Structures are given as C-alpha cells and as structure tokens.
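What the coordinates show
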Amino acid sequence: MNAARVLGATYAADRTEPLHLRRRPRAGLNVMRLLLILVALGFLVLFIGMPLVVVFSQALSKGWHTYVAAIADPNALAAIRLTVLVAAIAVPSNLVFGVAASWAIAKFEFRGKSALITLIDLPFAVSPVISGLIYVLLFGASGWFGPWLMEHDIRIMFAVPGIVLATTFVTFPFVARELIPVMQAQGKDDEETALSLGASGWQTFWFVTLPNIRWGLLYGVLLCNARAMGEFGAVSVVSGHIRGLTNTMPLHVEILYNEYNYAAAFAVASLLALLALMTLAGKSLLEWRRPELKYGALSADRQTKRGMT
Amino acid sequence: MAASAAAMNQSFRRPRRVLPGFGLTLGYTLVYLSLIVLVPLSAAFLRSAGMGWEGFAAAVTTPRVLASLRLSFGAAALAALINAVFGLLVAWVLVRYQFPFKRFVDALVDLPFALPTAVAGIALTALYAPNGWIGRLIEPLGLKVAFTPLGVVVAMTFIGLPFVVRTLQPVLEELDREVEQAAATLGASGWQTFVRVIAPTLWPPLLTGFALAFARGVGEYGSVIFIAGNMPLVSEITPLLIITKLEQYDYPGATALAVVMLVMSFTLMLGINALQTWAHARHGKK
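Residues numbered from 1 in each chain as written. Chains lettered and ligands numbered in written order. Predicted model: local features only at pLDDT ≥ 70, side-chain atom pairs only at ≥ 80, totals over all residues. Heavy atoms only, no water.

Observations regarding the interface of chain A and chain B
Between chain A and chain B, the contact holds 99 residues from the first and 98 residues from the second. Together chain A and chain B conceal approximately 9000 Å² of surface at their shared face, both sides included; 78% is due to carbon and sulfur atoms. The interface formed by chain A and chain B holds one salt bridge in total. Between Lys-283 of chain A and Asp-110 of chain B there is a salt bridge whose closest N-O contact spans 2.4 Å. (Contact = heavy atoms within 4.5 Å. Buried area = accessible area lost by both parts, 1.4 Å probe. Salt bridge = Lys/Arg side-chain N within 4 Å of Asp/Glu carboxyl O.)

Following this line, the structure appears as structure tokens:
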C-alpha cells in the first residue's frame, strides 16, 4: 500500500495545472522516483535513525533496573542539576541580548549594521574546543586575570562560572539569529502606531512587539537551550571534570563511557537524546504554526540583507 | 540613483528616529558582544602574537600538528562532499515527492543539530565498533571504520548533513516548475532538465551547504573523539590536539594552533557570506 502511495504521488501543483500541461506519469519515471526515495531514506536510516535507536537500545541493554540506577546515581543527579543550572543562566542571558540586538538591528538604520551581524554570528564559526580555550587564556592560572582572581580567591576556571561563560559563548547567536529576520519582517508600523496613540516605549515593547515576535522568540530559545544543555567540547575544556561538582550531563556520559560503564553512559545519554527529540518536536510544531521560521537560522543572513536594501 | 538621493538627504537632515531605545539596545548589544565574544577571542590572537613569528611557525609545523590539520580538513572535506551528494538527494526527495511519514522524516533531519555531540559520538562508536550493528557487517569485508580516520569521516558526515539539506530545501521549494515543464514540452528528458535547467540554480546553495558542513566538520570535537581512536599522526583531529596541549600546560602551542584554526574558520565564514550574497543576487535577478 505504501508503495502504491509512493508511485501514485504527483506534484501537488500538477493537479491545478491545465489539462494539456499535465504529463502522464511514465513507468520509468516512477521507478526512478521510488529509487531516489529509497536511497535517500536509506541514507537517513543509516546516519540518523540507527544512531538514535542504538542510544536507547544500549541504555536498556542491561534492563530497567540498571537504567534507573544509572540515572538515580548521585553523580548523575548532580550532573543533571548542573546542566539545568547552566542553561538557566546562559539561555536567559542570550535571550535578553537577542531581543536587544534584534531591536537595534531591525528597527533602526545605522552604519556597520552588516558587520555587526557578522560579528554576532562569529561564535558559530569557532570550534567548541577553542571556545573553551579562550576563557582559559583569560581566567586560567596563567591567564590575563588569573593572578588577580587567585589573589581574591575567585574561581572561574574549573568551576561553574567558567562553564556558564563557555556555554554562553557557544549559544550566543541562537536567539538573535532567529529574532532579527522575524523583527525585520514585522517592520515598525505597529510600534509607531502604538507610540502615536500615547503608549510609552516599554508599553509598546511589552504589548505590541513581544506578542508579534513570541513564536520566533520561543523558537530561538528552544534551539539555544538544546545546545546549552548538550554542549560538550567547550565545557570539557573549562570544567576540570570534578565529579559531582563540575560535570555536566555530556561530561558525565564521557566519564562513564571511558570507564567502560556503557549501559550507564547510554542511560544518561538517552536523557539527552530525549531532550533532542523533544526539541525537534517543539521545533516542528512551531514551524507548522509559523512556516517562515523553518529556514530562519540558515537564511537569516540572506533575509537580513534583503531587509536592508 | 535613488540610493544616492537618499544618502544626500541623510547628510543634510539627521534621520528622524521615532522609536525609542536605539541607544540602549545598541549599547547593550555592543557591550555584551565585546565581553562575551570579542575580548576573549582577541585574547587568543594577542597571546600568540607574544610568541614571535618564529615560535609561532615552529609550534604549528610539527609533524603531529600537520598530520592533525590534514586529517581535520581532509575528513571534513570528504564528509562535506558526501553530504553535498546525499543532502541534495534528501532535500530533493523531501521537497518533490510524497511518501508516508514525510513530516516525521523531515523533522529528524535536524537531529544532528539537536543531539548533543557526545551522545552522537558514543552512538556512532557503538554502531561501527567491531561488535556493533554495522561494524559486525563490514568487518568481514575488511572495512574498519571505528578507531580509524574513516570513523572521523562518518562522524563529520553525521554532524554536517542538516546544513546541506536545510540550505537547499528553500531554494528547491521556490524553483519555478513552469520552467521545467517548458523544458519538458520542448523535448528535454528528465535528466536533461535537471542538468540544464535545475542544476544552475542549485549551485550556489549547494556550495554554501558544502562550506557550512565543511566548517562545522573542521571544528567538530564531541562526536569525533569517541570513534576516531585518537592515534597521534593517524587519527588525531586538531581540536583534540589543542586539548592535549592544554593538558600538558603547553599554552603557547595550544594557542598557536587555535589561531591557525580561527583564521581558517573566519576566512571560510567570510567566503560563505560572499557565497550567500552571490546566491541572493542571482536569485534576485530572476
């Protein structure tokens, strides 16, 4: 039945074409179509489906008891708490920044705007490991501020503040990138109307702008949060890997894995995989409500340039 | 003409800013950007400047460093190439054909964006290890993926796939079907239509997707280190070498290597921006 549906598939647009333009489906074309679909799906099963399935299968390979024990382990719970804490600081910071940046960029014209947009994107081009390294160079024992911090007994490296900083760097562009095109598409007519009717600046933002951008905002926060909770490379450099203290969930997975404790490693990993699946579900839901969000992050640059001309 | 008139207007009259908050939001943006991104990044460049040119050159041309750079860039290029081919196919199938669970499949394409890299790393290793689901099948063929440079390519392919698919999809969706139908009525075969009519439009986004996937692969760490085996000179990627140097307190060596990668990534990023502008200009001309 599935094959029949595949073979019978035609362009949705074709059905609205005048009759003389419709091409009769040829057998050769349909075999080709089926083949292309099968190869594409095969590739996706190999590279997306199987890695996803293997996480859960390995996590449950020693039974539910081991699974629950791995997650209820005090070090695992500490890692979960730390991961949530770090995201709870990094995501709102980047959210406030994203709103401020997109307000300035979308509502006003100024010199150097496209350079600013490129600079905001910069962290995407930096390897996660280097994102951690630069903070070591600043706050590490032999870093610029290292001696001063040591004198005042302030710990940033190999402690929670360093993890928060590295995570904030890595997730820096997410909200701004989603919001800039959304705000540009909104224009500023609504805000100008509100102001002319006597609303204050803050009132205009809260009651006019925010409702207009809420889906884009949520979309950016969703992606930002997924990356914040899952970041590995940058956090690995600055964390110091102290069990129960500076281990986030991805780092805890690594430690368990390197100790050949595979079932436990995959059990914690399965929580992160669930988070990823929930993120994708939320993302699809938002895209279904607001189709223009789908390619936002990738084509933000394009749309930004379009908005400026 | 219109642009220059507007520019002249601006130079005579200060632009009227009706909306409030420009100073506040731009100021906050610049301060936050500087504190989180620009100052820390410049630390890497200033630190390596202190090494002197000769020290810098010596640090980044050791055989171990060169081998890691070759692997990181070579594997990323190969993975991006695989993604260009299969990503185009996946995007094409998702845009043009109907099949069961299409929405679900479409959503799953973003999994590499959402799945933490460490999870991807151990999952791929479990699959391709000699006793894994895939490793068991290819082992008898003499093919080893896990703990070899080939494993690096597999991990980078996983991580780069959404970049190609998501760059191509919007362009494919906007393609003008009438042009294809015109080609078909003029007697072009399906393949001829693809090569002569569709392909020219697809080159810019395909190149952009390739470059994005390549850039991501070069810097990738989490998903690679588990499956790579990490043998110096053989399967050790550059980001891992940076960490190794850090752990040995070789800060200058780590920083020099980071600067090399940063310069290459920024060059790539500017190239991608130029590509997108080019693609957009071509798109706009239509």
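After that view of the structure, there is still more to cover.
Some details on the nonpolar core
Nonpolar side chains tend to gather and get buried jointly when the protein is soluble and globular. In terms of nonpolar packing, the biggest core is built from 192 residues, with Ile-120 and Phe-169 of chain A together with Leu-41, Tyr-128 and Ile-242 of chain B touching the most fellow members. Among the elements that make up this core, the one with the highest residue count is helix 4 (residues 63–96) of chain B (17 residues). The residues that make up this core include at least three from each of domain 1 (18–49) and domain 2 (52–285) of chain B. Apart from the residues lying within four places of it in its own chain, the contact partners of Leu-41 of chain B are Leu-122, Val-126, Ile-134 and Phe-169 of chain A together with Leu-262 and Phe-266 of chain B. (Core = buried A, V, L, I, M, F, W, Y, C linked by side-chain atoms within 4.5 Å. Buried < 20%, exposed > 50% of the residue type's maximum accessible area, 1.4 Å probe, protein only. Helix = DSSP H or I, 4+ residues; strand = E, 2+ residues; numbered from the N terminus. Domains from an automatic or database assignment.)

A few points about the side chain of Lys-245 of chain B
Locating Lys-245 of chain B in the fold gives a position in helix 13 (residues 238–247). Aside from chain neighbours lying at most four places away, what touches Lys-245 of chain B is Val-65, Asp-250, Gly-253, Ala-254 and Leu-257 of chain B.

A few points about the environment of Val-145 of chain B
Within the secondary structure, Val-145 of chain B is located in the loop between helix 8 (135–138) and helix 9 (149–174). Between the alpha carbons of Val-145 of chain B and Leu-33 of chain B there is a distance of 41 Å; along the sequence they are 112 residues apart.

Quick notes on the confidence of the model for chain B
All names here are of chain B. This prediction gives chain B a mean pLDDT of 89; 93% of its residues lie at or above 70. pLDDT under 50 marks residues 7–15. Its contacts with residues more than four places away, or in other chains, come to one contact. Here the predicted complex scores 0.87 on pTM and 0.88 on ipTM. (pLDDT = per-residue confidence, 0-100.)

Remarks on a nonpolar patch on the surface
Side chains of Trp-144 and Phe-145 of chain A together with Val-39 and Leu-46 of chain B sit close together on the surface and give an oily, nonpolar patch of about 360 Å² of accessible area. In this fold, Leu-46 of chain B is placed in helix 2 (residues 22–49). (Patch = residues over 30% accessible without salt bridge, like charges linked within 9 Å, V, L, I, M, F, W, Y side chains within 5 Å. Areas by Shrake-Rupley, 256 points an atom, 1.4 Å probe, with all protein chains shown as cover.)

A look at the pattern of salt bridges
Inspection of the entire model under this criterion finds twelve salt bridges over all chains. In this structure, Lys-107 of chain A engages Glu-191 of chain A in a salt bridge whose closest nitrogen and oxygen atoms are separated by 3.2 Å. A residue pair is termed long-range when its members are at least 10 positions apart, and Lys-107 of chain A in helix 4 (residues 74–107) and Glu-191 of chain A in helix 10 (residues 189–196) qualify at 84 residues. Between Lys-245 of chain B and Asp-250 of chain B there is a salt bridge whose closest N-O contact spans 3.7 Å. Under the relative-accessibility criterion, Lys-245 of chain B is labelled buried at 13%. Through salt bridges that share partners, Lys-283 and Glu-287 of chain A together with Asp-106, Asp-110 and Arg-166 of chain B make up one connected network.

Quick notes on the packing of helix 7 (residues 117–128) of chain B against helix 9 of chain B
Residues and elements named next belong to chain B. One way to put it is that helix 7 packs onto helix 9 with a least axis distance of 10 Å and a crossing angle of 135°. One finds that helix 7 runs oblique with respect to helix 9. Crossing angle aside, the handedness with which helix 7 passes helix 9 is right-handed. Mapping the contact onto sequence places Thr-117, Ala-120, Leu-124 and Tyr-128 in helix 7 and Val-154, Ala-155, Phe-158 and Ile-159 in helix 9. Considering only residue class, the contact of helix 7 with helix 9 consists of seven nonpolar, one polar and no charged. (Axes fitted to C-alpha atoms, helices over the stretch in contact; angles between N-to-C directions. Parallel < 35°, antiparallel > 145°, perpendicular 65-115°, else oblique. Left-handed = near helix turned anticlockwise from the far one by under 90°. Nonpolar A, V, L, I, M, F, W, Y, C, P; charged D, E, K, R; others polar.)

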